Amino acid sequence: MRPAHIVEVVTPKKFVLNGLGFGPKKPKRAIIWIHGLTSSAFSRLTIVEKLADANTAVLTFNNRGHDSVTRIGNTKGTKALTAGAAYERFKDCVDDIEGAINLAKKQGAREVYLAGHSTGCQKAVYWAAVK
């Protein structure tokens, strides 16, 4: 397995989502991996790690649909959201994906691609449709 570094995705609505980054910390391009319903940033790592190379970073993160039930905090540490597959509102994926894209761009990526598995694919298409 390739080495990974821990990342925090801060969404435009200021929720903090945990994740992993593979590849360079200052990439030319980034692939954002969106997991499926009840999965997590650790799902499909065998695929995710193979997508990274010297110029391409791969960011996988826990979106609000990870696991069955979970809590997600905000940047102020004052409000926690009950989330997970049992509580997810699908349209919130736009905020989650925007946060990941913002992080990739902040790291220097000029090209950003979305990829995913299962419901993650649907979220990528939905994001593209509303943006």
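Remember, it's a predicted structure, so these values are computed and weren't measured experimentally. (Residues numbered from 1 in each chain as written. Predicted model: local features only at pLDDT ≥ 70, side-chain atom pairs only at ≥ 80, totals over all residues. Heavy atoms only, no water.)

A. Expanded view of the nonpolar core. If you look at the biggest cluster of nonpolar residues, it comprises 18 residues, and the most contacted ones within it are V9, I32, L59, F61 and A100. Elements represented by at least two residues in this core include exactly β1 (4-10), β3 (29-34), β4 (56-61), α2 (93-106) and α3 (119-130). No other element matches α2, which puts six residues into this core. Among the nonpolar cores identified, the runner-up in size contains eight residues, and L20, W33, V48 and A52 belong to it. (Core = buried A, V, L, I, M, F, W, Y, C linked by side-chain atoms within 4.5 Å. Buried < 20%, exposed > 50% of the residue type's maximum accessible area, 1.4 Å probe, protein only. Helix = DSSP H or I, 4+ residues; strand = E, 2+ residues; numbered from the N terminus.)

B. View of the pattern of salt bridges. Counted according to the given criterion, the structure contains six salt bridges. Between R64 and D95 there is a salt bridge whose closest N-O contact spans 2.4 Å. Placement of R64 in the loop between β4 and β5 (70-73) and of D95 in helix α2 is noted, with a sequence separation of 31 residues between them. Owing to a relative accessible area of 5%, R64 belongs among the buried residues under this scheme. Here the residues in one salt-bridge network are R64, R89, D92, D95 and D96, joined through shared partners. (Salt bridge = Lys/Arg side-chain N within 4 Å of Asp/Glu carboxyl O.)

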